[in-house]
Amino acid sequence: MGVFPIGMFGFNLYEDNDTVDVWELTFEENINYPPVPASVQSIVKKYIYKEYQNLQKKGLKVKLIRDDEAILISLPIDDFFKNNDVENILRSGEEYLKYFSNYLKIKELYRVVFCVHHDNSLNGENADNLTNERVLTLVDWMINNCVNGSNIVPYSMGNEYPITSNMTKEGRKKNRRLDVYIFPGKTMLDIAKD
(Lines give C-alpha, C1' and ligand atoms only; values in the text may rest on other atoms or scores of the structure.)
Protein backbone atom coordinates (compact mmCIF):
# COMPACT_ATOMS: atom_id res chain seq x y z
CA MET A 1 0.00 0.00 0.00
CA GLY A 2 1.31 3.42 -0.90
CA VAL A 3 1.10 6.07 1.79
CA PHE A 4 1.09 9.82 1.34
CA PRO A 5 4.52 11.36 2.01
CA ILE A 6 3.80 12.77 5.43
CA GLY A 7 6.59 15.27 5.81
CA MET A 8 4.76 17.97 3.87
CA PHE A 9 1.70 18.44 6.06
CA GLY A 10 0.65 17.54 9.54
CA PHE A 11 -1.09 18.49 12.71
CA ASN A 12 -1.39 17.18 16.21
CA LEU A 13 -4.45 16.29 18.21
CA TYR A 14 -4.21 16.68 21.95
CA GLU A 15 -5.86 14.45 24.46
CA ASP A 16 -5.14 14.80 28.17
CA ASN A 17 -1.96 16.77 27.38
CA ASP A 18 -0.54 13.91 25.30
CA THR A 19 0.41 14.72 21.73
CA VAL A 20 -0.67 12.21 19.09
CA ASP A 21 0.84 12.74 15.67
CA VAL A 22 -1.79 11.40 13.29
CA TRP A 23 0.89 11.12 10.59
CA GLU A 24 2.63 8.39 12.57
CA LEU A 25 -0.51 6.29 12.92
CA THR A 26 -1.28 3.44 10.56
CA PHE A 27 -4.47 3.71 8.54
CA GLU A 28 -6.23 1.32 10.93
CA GLU A 29 -5.08 3.34 13.95
CA ASN A 30 -6.07 6.60 12.28
CA ILE A 31 -9.64 5.54 11.59
CA ASN A 32 -10.03 4.61 15.25
CA TYR A 33 -8.65 7.90 16.55
CA PRO A 34 -9.58 9.73 18.65
CA PRO A 35 -11.42 7.43 21.01
CA VAL A 36 -14.69 8.97 22.14
CA PRO A 37 -15.01 8.94 25.93
CA ALA A 38 -18.08 7.05 27.19
CA SER A 39 -19.26 10.19 28.98
CA VAL A 40 -19.84 12.02 25.66
CA GLN A 41 -20.59 9.15 23.26
CA SER A 42 -24.32 9.80 23.08
CA ILE A 43 -23.80 13.51 22.33
CA VAL A 44 -21.17 12.81 19.65
CA LYS A 45 -23.30 10.08 18.06
CA LYS A 46 -26.29 12.44 17.81
CA TYR A 47 -24.14 15.10 16.18
CA ILE A 48 -22.60 12.61 13.73
CA TYR A 49 -26.01 11.10 12.94
CA LYS A 50 -27.40 14.52 12.07
CA GLU A 51 -24.54 15.05 9.64
CA TYR A 52 -25.06 11.55 8.25
CA GLN A 53 -28.69 12.47 7.50
CA ASN A 54 -27.59 15.71 5.79
CA LEU A 55 -25.21 13.75 3.56
CA GLN A 56 -27.91 11.21 2.72
CA LYS A 57 -30.22 14.05 1.65
CA LYS A 58 -27.53 15.15 -0.77
CA GLY A 59 -27.74 11.71 -2.38
CA LEU A 60 -24.25 10.60 -1.36
CA LYS A 61 -23.30 6.98 -0.73
CA VAL A 62 -22.72 7.24 2.99
CA LYS A 63 -22.66 4.93 5.99
CA LEU A 64 -22.06 5.14 9.69
CA ILE A 65 -18.97 3.35 10.97
CA ARG A 66 -17.08 2.91 14.22
CA ASP A 67 -20.18 2.19 16.28
CA ASP A 68 -21.97 5.22 14.75
CA GLU A 69 -19.24 7.66 15.84
CA ALA A 70 -17.98 8.38 12.31
CA ILE A 71 -19.06 8.59 8.67
CA LEU A 72 -17.70 7.00 5.50
CA ILE A 73 -18.55 8.57 2.15
CA SER A 74 -17.58 6.63 -1.01
CA LEU A 75 -17.38 8.59 -4.26
CA PRO A 76 -16.43 7.45 -7.77
CA ILE A 77 -12.93 8.70 -8.55
CA ASP A 78 -14.22 9.25 -12.09
CA ASP A 79 -16.09 12.27 -10.66
CA PHE A 80 -12.68 13.77 -9.77
CA PHE A 81 -10.32 12.76 -12.58
CA LYS A 82 -10.46 11.66 -16.19
CA ASN A 83 -8.99 8.23 -16.95
CA ASN A 84 -5.42 8.00 -15.57
CA ASP A 85 -5.20 11.78 -15.02
CA VAL A 86 -3.54 12.89 -11.80
CA GLU A 87 -3.35 16.68 -12.10
CA ASN A 88 -6.66 18.12 -13.30
CA ILE A 89 -9.63 17.86 -10.98
CA LEU A 90 -12.95 17.85 -12.79
CA ARG A 91 -15.59 20.45 -11.94
CA SER A 92 -17.76 17.75 -10.35
CA GLY A 93 -14.85 16.79 -8.09
CA GLU A 94 -14.26 20.40 -7.11
CA GLU A 95 -17.90 20.67 -6.04
CA TYR A 96 -17.42 17.71 -3.69
CA LEU A 97 -14.20 19.21 -2.33
CA LYS A 98 -15.92 22.54 -1.70
CA TYR A 99 -18.55 20.70 0.30
CA PHE A 100 -15.94 18.78 2.32
CA SER A 101 -14.18 22.06 3.12
CA ASN A 102 -17.13 22.79 5.43
CA TYR A 103 -15.77 20.15 7.80
CA LEU A 104 -12.55 22.11 8.19
CA LYS A 105 -13.92 25.59 8.91
CA ILE A 106 -13.64 25.12 12.68
CA LYS A 107 -10.24 23.73 13.53
CA GLU A 108 -10.42 20.12 14.74
CA LEU A 109 -14.22 20.06 14.96
CA TYR A 110 -13.91 17.12 12.59
CA ARG A 111 -11.05 14.97 11.41
CA VAL A 112 -11.08 14.16 7.69
CA VAL A 113 -9.23 11.26 6.05
CA PHE A 114 -9.05 10.89 2.24
CA CYS A 115 -8.32 7.43 0.78
CA VAL A 116 -7.92 7.03 -2.98
CA HIS A 117 -8.40 3.52 -4.42
CA HIS A 118 -7.98 1.96 -7.86
CA ASP A 119 -9.06 -1.26 -9.54
CA ASN A 120 -6.76 -4.09 -10.65
CA SER A 121 -6.34 -2.85 -14.23
CA LEU A 122 -2.93 -1.53 -13.14
CA ASN A 123 -0.23 -3.54 -11.42
CA GLY A 124 0.43 -2.81 -7.75
CA GLU A 125 3.23 -0.28 -8.23
CA ASN A 126 1.42 1.67 -10.95
CA ALA A 127 -1.81 1.69 -8.94
CA ASP A 128 0.12 2.92 -5.89
CA ASN A 129 1.71 5.72 -7.93
CA LEU A 130 -1.58 6.76 -9.51
CA THR A 131 -3.50 6.84 -6.23
CA ASN A 132 -0.64 8.66 -4.50
CA GLU A 133 -0.52 11.38 -7.18
CA ARG A 134 -4.28 11.75 -7.10
CA VAL A 135 -4.47 12.09 -3.33
CA LEU A 136 -1.66 14.68 -3.48
CA THR A 137 -3.65 16.67 -6.03
CA LEU A 138 -6.82 16.52 -3.91
CA VAL A 139 -5.00 17.65 -0.77
CA ASP A 140 -3.22 20.43 -2.67
CA TRP A 141 -6.61 21.68 -3.83
CA MET A 142 -7.94 21.62 -0.27
CA ILE A 143 -4.88 23.45 1.07
CA ASN A 144 -5.18 26.13 -1.58
CA ASN A 145 -8.94 26.57 -1.39
CA CYS A 146 -10.13 26.15 2.17
CA VAL A 147 -9.35 26.96 5.77
CA ASN A 148 -7.38 24.24 7.58
CA GLY A 149 -7.06 22.21 4.36
CA SER A 150 -3.74 20.80 5.51
CA ASN A 151 -5.58 18.98 8.32
CA ILE A 152 -6.72 16.24 5.95
CA VAL A 153 -4.94 12.95 6.50
CA PRO A 154 -4.54 11.32 3.06
CA TYR A 155 -3.75 7.76 2.03
CA SER A 156 -3.11 6.20 -1.35
CA MET A 157 -4.50 2.70 -1.24
CA GLY A 158 -3.49 1.42 -4.68
CA ASN A 159 -5.55 -1.58 -5.79
CA GLU A 160 -5.31 -3.53 -2.54
CA TYR A 161 -8.77 -2.90 -1.06
CA PRO A 162 -11.51 -3.60 -3.61
CA ILE A 163 -15.10 -3.38 -2.39
CA THR A 164 -16.34 -5.72 -5.10
CA SER A 165 -15.00 -8.05 -7.79
CA ASN A 166 -12.80 -6.58 -10.50
CA MET A 167 -14.15 -9.15 -12.98
CA THR A 168 -16.65 -6.73 -14.55
CA LYS A 169 -16.46 -3.19 -15.90
CA GLU A 170 -19.02 -2.09 -13.30
CA GLY A 171 -17.05 -3.73 -10.50
CA ARG A 172 -13.81 -2.03 -11.56
CA LYS A 173 -15.65 1.30 -11.68
CA LYS A 174 -16.88 0.82 -8.09
CA ASN A 175 -13.37 -0.04 -6.91
CA ARG A 176 -11.97 3.22 -8.37
CA ARG A 177 -13.09 5.52 -5.60
CA LEU A 178 -12.36 8.21 -3.06
CA ASP A 179 -13.34 7.22 0.46
CA VAL A 180 -13.82 10.20 2.74
CA TYR A 181 -13.89 9.47 6.45
CA ILE A 182 -15.40 12.06 8.79
CA PHE A 183 -14.45 11.63 12.45
CA PRO A 184 -15.14 13.71 15.53
CA GLY A 185 -12.18 15.93 16.32
CA LYS A 186 -10.79 17.30 19.55
CA THR A 187 -12.94 20.44 19.37
CA MET A 188 -16.12 18.36 19.05
CA LEU A 189 -15.12 16.25 22.03
CA ASP A 190 -14.38 19.38 24.06
CA ILE A 191 -17.75 20.90 23.15
CA ALA A 192 -19.51 17.66 24.04
CA LYS A 193 -17.78 17.62 27.44
CA ASP A 194 -18.98 21.18 28.12
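Our structure is the block above this text.
Because the structure is predicted, anything quoted here is derived from the model rather than measured.

Q: How would you sum up the pattern of salt bridges? Please name residues and give values.
A: Evaluated as defined, the whole model comprises seven salt bridges. A salt bridge links Glu69 to Arg66; the nearest nitrogen and oxygen atoms lie 3.3 Å apart. Of the two residues, Glu69 and Arg66, both sit in the buried class. Arg176 is the salt-bridge partner of Asp119, the closest N and O atoms lying 2.6 Å from each other. Here the residue Asp119 occupies a position in the loop between strand S5 (110-116) and helix H4 (124-145), and Arg176 occupies one in the loop between helix H5 (169-175) and strand S7 (177-184), the gap between them amounting to 57 residues. Pair check on accessibility: Asp119 and Arg176 agree, each one buried. Through salt bridges with shared partners, a single ionic network connects Asp78, Asp119 and Arg176.

Q: Could you give an account of helix H3 (residues 91-100), naming the residues involved and the relevant values?
A: For H3, the set of buried residues is Gly93, Leu97, Tyr99 and Phe100. An end-on view of H3 places all buried positions within 160° of arc, on one side of the element.

Q: Lay out the packing of aromatic side chains in plain terms, naming residues and giving numbers.
A: Evaluated as defined, the whole model comprises ten aromatic pairs. Aromatic pair Phe27 and Tyr181: ring centres 5.7 Å apart, planes at 70°, arrangement edge-to-face. One end of the pair, Phe27, is in helix H1 (residues 27-30); the other, Tyr181, is in strand S7, with 154 residues separating them in the sequence. Overall, Phe27 belongs to the buried group, its relative accessible area being 9%. Ring centres 5.9 Å apart and planes at 5° place the aromatic pair Tyr181 and Phe183 in the stacked group.

Q: Let's hear about the nonpolar core: which residues, and what values?
A: Ranked by internal contacts, the top residues of the largest apolar core, which has 38 residues, are Ile73, Phe100, Phe114, Leu138, Met142 and Val180. Broken down by element, the residue count for this core peaks at five residues, all from H4. In contact with Ile73, not counting residues within four places along its chain, are Leu55, Leu60, Lys61, Val62, Phe100, Leu178, Asp179, Val180 and Ile182.

Q: Any chance you could break down the layout of surface pockets for me, citing the residues and the numbers?
A: Of the volumes computed, that of the largest pocket is approximately 150 Å³. Along the walls of the largest pocket sit Lys61, Ser74, Leu75, Pro76, Ile163, Glu170, Lys173, Lys174, Arg176 and Arg177, which together make up its complete lining. For the lining of the largest pocket, the secondary-structure elements that each account for two or more residues are strand S4 (70-76) and H5.

Q: Lay out the sheet that holds S5 in plain terms, naming residues and giving numbers.
A: Picture the strands of a sheet paired through backbone hydrogen bonds; they go either parallel or antiparallel. The mixed open sheet is built from five strands, whose spatial order is S3-S4-S7-S5-S6. In the strand order of this sheet, the two ends are held by strand S3 (61-65) and strand S6 (153-156), each with one partner. The sheet shows a mean angle of 20° between the axes of neighbouring strands, direction not considered. Sheet topology note: the S4/S7 ladder contains six bridges and is antiparallel. Its bridge partner lying in S7, Ile71 is registered against Ile182.

Cut-offs applied
- Residues numbered from 1 in each chain as written.
- Predicted model: local features only at pLDDT ≥ 70, side-chain atom pairs only at ≥ 80, totals over all residues.
- Heavy atoms only, no water.
- Salt bridge = Lys/Arg side-chain N within 4 Å of Asp/Glu carboxyl O.
- Buried < 20%, exposed > 50% of the residue type's maximum accessible area, 1.4 Å probe, protein only.
- Helix = DSSP H or I, 4+ residues; strand = E, 2+ residues; numbered from the N terminus.
- Arc of directions from axis to C-beta.
- Phe/Tyr/Trp six-rings, centres within 6.5 Å; stacked < 30°, edge-to-face > 60°.
- Core = buried A, V, L, I, M, F, W, Y, C linked by side-chain atoms within 4.5 Å.
- Contact = heavy atoms within 4.5 Å.
- 1 Å grid on protein atoms, 1.4 Å probe; cavity = no way out; pocket = protein on both sides within 12 Å on 5 of 7 lines; lining within 4 Å.
- Points joined across faces, edges and corners; volume = space filled by probe spheres on them.
- Pairing = 2+ DSSP bridges.
- Axes fitted to C-alpha atoms, helices over the stretch in contact; angles between N-to-C directions.

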